[in-house]
Amino acid sequence: MNIGRYIRAAFTNRWNVLAFLGAGVFALLSGYADILIPLVLAGELLYLGLLGTHPKFQSHVDAQAAKRARAEQSVTAGAMLQRMLAALPAKSLKRFEALRSQCLELREIALELREPGPKETHTPLEDLQLAGLDRLLWIYLRLLFTQYSLDRFLQKTSEDEIRRDIDRLQARIEHAGPRPSDPQQLKIRKALDDNLETCRARLANFQKARDNNELVQLEIDRLENKIRTLSELAVNRQEPEFISSQVDEVASSMVQTERTMNELEFATGLEVHDQTVPQLVERQAVAASQ
């Protein structure tokens, strides 16, 4: 528990700041500053101690901090969503929009079968299902973007060229012999060693991208079929709990896939963090014209 955070929140409360400054000014102007100022400080310390350690106040501070964190994550995820939609080629974007549209259509069918007539509100279980589909569609979109990024990376990177650079640097280092004692030659050797390590890292990245490219493509097909199946189950089986459990099961099976995407950040440029999932099922499709 970081008690300093709660004390700081109690002190910076605008009503406390106004009261503390007002009392301080009054004490200075009263002619009894030597008596009143210590009393004002003592009262402030008592207030901070009581409020800063109160469980309800701490819960309030934690809730506000979590709210700000969610808002920041939402902005980050929204910016990432727009970036991916704007960058994806038309074929990939069309594939994503077709899958999302099917989820929307099948959801409406499921609601009509369950409760014919206009739907103004959704039950918590329905919201939970939608949140699960949002997450799966978010993973699906990131997979499409990862595939697109990997294809570009592999097209622009030459494995043969990297290997030639490694061979050239190794030959130069071997030709130079043992590490020199001359300061200038030592600097040259360090530059060569650093360049060699950089080339080896590039080769490792290339091999990682190449090895995972096929896996990403297979995962795209697998997840697409899973999402379509879950959407169809919402129509065929009027069991919200079952659908929710199936969504969670599919999401759990994608943990390793998400980890793989995070490891490919060097190719995709997508930041590695737990961001809020944008609403993809509940709002109308947002697509950049290609």
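The following refers to the structure shown. Note that the structure is predicted; figures quoted are calculated from it, not measured. (Residues numbered from 1 in each chain as written. Predicted model: local features only at pLDDT ≥ 70, side-chain atom pairs only at ≥ 80, totals over all residues. Heavy atoms only, no water.)

Comments concerning the overall build of the protein
What counts is decided by this rule: Runs of H or I in DSSP of at least four residues are treated as helices and runs of E of at least two as strands, each being numbered from the N terminus. The buried label goes to any residue with under 20% of its type's maximum accessible area, the exposed label to any with over 50%, and the partly exposed label to all in between, with areas taken from a 1.4 Å probe on protein chains only. Residues are treated as being in contact if the distance between any of their heavy atoms lies within 4.5 Å.
For the protein, the helix and strand inventory stands at 11 helices and zero strands. From first element to last, N terminus to C terminus, the protein shows the α and β order α-α-α-α-α-α-α-α-α-α-α. Each of the 290 residues in the protein was classed as buried or not, and the buried ones make up 33%. A separation threshold of at least 6 residues defines the contact pool for the protein, and within that pool the share at least 24 residues apart is 83%.

Some words on the packing of helix H1 (residues 3-12) against helix H3 (residues 33-52)
The condition is simple: The angle between two axes is taken between their N-to-C directions and runs from 0 to 180 degrees, where each axis is a line fitted to C-alpha atoms and a helix contributes only its stretch in contact. Angles are sorted into four bins: roughly parallel if under 35 degrees, roughly antiparallel if over 145, roughly perpendicular if 65 to 115, and oblique for all others. A clockwise turn of the near helix away from the far one marks a right-handed crossing, whereas an anticlockwise turn of less than a right angle marks a left-handed crossing. Lys, Arg, Asp and Glu make up the charged group, whereas Ala, Val, Leu, Ile, Met, Phe, Trp, Tyr, Cys and Pro make up the nonpolar group; the residues left over, Gly among them, are polar.
Two elements in contact, H1 and H3, have axes whose closest approach is 9 Å; the angle formed by their N-to-C orientations is 125°. When the interaxial angle is binned, H1 and H3 end up oblique. In the crossing of H1 with H3, the sense of the turn from one axis to the other is right-handed. Every residue of H3 that contacts H1 at Ile3, Tyr6, Ile7, Ala10 and Phe11 is listed here: Glu44, Tyr47, Leu48, Leu51 and Gly52. Broken down by class, the residue content of the contact of H1 with H3 amounts to eight nonpolar, one polar and one charged.

Let's talk about the packing of aromatic side chains
Inclusion rule: Only centres within 6.5 Å qualify two rings of Phe, Tyr or Trp (six-membered ring in Trp) as a pair; their planes then separate them into stacked at under 30 degrees, edge-to-face at over 60, and tilted for everything else.
One pass over the structure, following the stated rule, counts two aromatic pairs. Summarising the aromatic geometry, the rings of Phe96 and Tyr140 are spaced 6.5 Å apart at their centres and angled 25° between planes, so their arrangement reads as stacked. Placement of the pair is Phe96 in helix H5 (residues 90-114) and Tyr140 in helix H6 (residues 124-156), with a sequence separation of 44 residues. The same class applies to Phe96 as to Tyr140, namely buried. Ring geometry for Phe145 and Tyr148: centres 6.0 Å apart, planes at 55°, overall tilted.

Considering the pattern of salt bridges
Stated formally: For this analysis, a salt bridge means a side-chain nitrogen from Lys or Arg found within 4 Å of a carboxyl oxygen belonging to Asp or Glu.
Counted according to the given criterion, the structure contains 11 salt bridges. Residues Glu224 and Arg95 are paired through a salt bridge, measuring 2.7 Å at the closest nitrogen-oxygen approach. In this pair, Glu224 is assigned in helix H8 (residues 183-236) and Arg95 in helix H5, connecting sequence segments 129 residues apart. Looking at Glu224, the relative accessible area reads 13%, which means it is buried. For Arg95, a relative accessible area of 29% gives the class partly exposed. Note that Arg168 and Asp165 form a salt bridge whose closest N and O atoms lie 3.6 Å from each other. One end of the pair, Arg168, and the other, Asp165, are both in helix H7 (residues 159-176), three residues apart, so they sit about a helical turn from each other. Of the residues examined, Asp165 reaches a relative accessible area of 18% and is grouped as buried. Through salt bridges with shared partners, a single network forms among Arg95, Asp221, Glu224 and Arg228.

Brief notes about H7
To be explicit about the condition: A helix's residues, less one, multiplied by 1.5 Å, set its expected span. Our arc is simply the arc of the directions from the helix axis toward the C-beta atoms.
Between its first and last C-alpha atoms H7 spans 26 Å; for 18 residues at 1.5 Å apiece the expected length is 26 Å, and the two agree. Three or more residues of H7 are buried, namely Glu159, Ile162, Asp165, Ile166, Leu169 and Ile173. The buried side chains of H7 occupy one side of the element, clustering within an arc of 125° when seen end-on. Exposed residues lying more than 90 degrees from the buried face of H7 are Asp160, Arg164, Glu174 and His175. Gly177 sits one or two residues past H7 and shows a positive phi near 80°.

Looking at empty space enclosed by the protein
Any empty space left between atoms is shown by rolling a water-sized probe over those atoms. Short version of the rule: Cavities and pockets are found on a 1 Å grid laid over the protein atoms alone: a cavity is a set of points where a 1.4 Å probe fits but cannot escape, a pocket is an open set with protein on both sides within 12 Å along at least five of seven lines, and a lining residue has an atom within 4 Å of such a point. Grid points are joined across faces, edges and corners, and a volume is the space filled by probe spheres set on the points.
Enumeration over the complete set of coordinates arrives at three cavities of 30 Å³ or more. Volume-wise, the second largest cavity comes out at about 40 Å³. Every residue along the wall of the second largest cavity is listed here: Leu143, Leu215, Val216, Glu219, Thr257, Thr260 and Met261. Sorting the residues of the lining of the second largest cavity by element identifies H8 and helix H10 (255-263) as the ones contributing at least two each.

Re the side chain of Glu159
Rules: Polar contacts here mean pairs of N or O atoms no more than 3.5 Å apart (in protein, one a potential hydrogen donor and the other a potential acceptor; neighbouring residues in sequence count only if both atoms are side-chain atoms).
Tracing the backbone through its elements, the reader meets Glu159 in helix H7. A relative accessible area of 17% means that Glu159 is categorised as buried. Polar side-chain contacts of Glu159 include one of 3.0 Å to the side chain of Arg210. When residues no more than four places from it in sequence are discounted, the contact partners of Glu159 are Leu203, Phe206, Gln207 and Arg210.

Side note on a nonpolar patch on the surface
Test applied: Within the patch definition used here, like charges are joined within 9 Å and nonpolar side chains (Val, Leu, Ile, Met, Phe, Trp, Tyr) within 5 Å, considering only residues with over 30% relative accessible area and no salt bridge. Only the protein chains shown count as covering a residue, and every accessible area follows the Shrake-Rupley method with a 1.4 Å probe.
Together, Val25, Leu28 and Leu29 line one region of the surface with nonpolar side chains, adding up to about 330 Å² of accessible area. Among the secondary structure elements, Val25 is positioned in helix H2 (residues 14-29). By relative accessible area, Val25 is classed as partly exposed at 45%.

On their own, these measurements won't tell you what the molecule is for.
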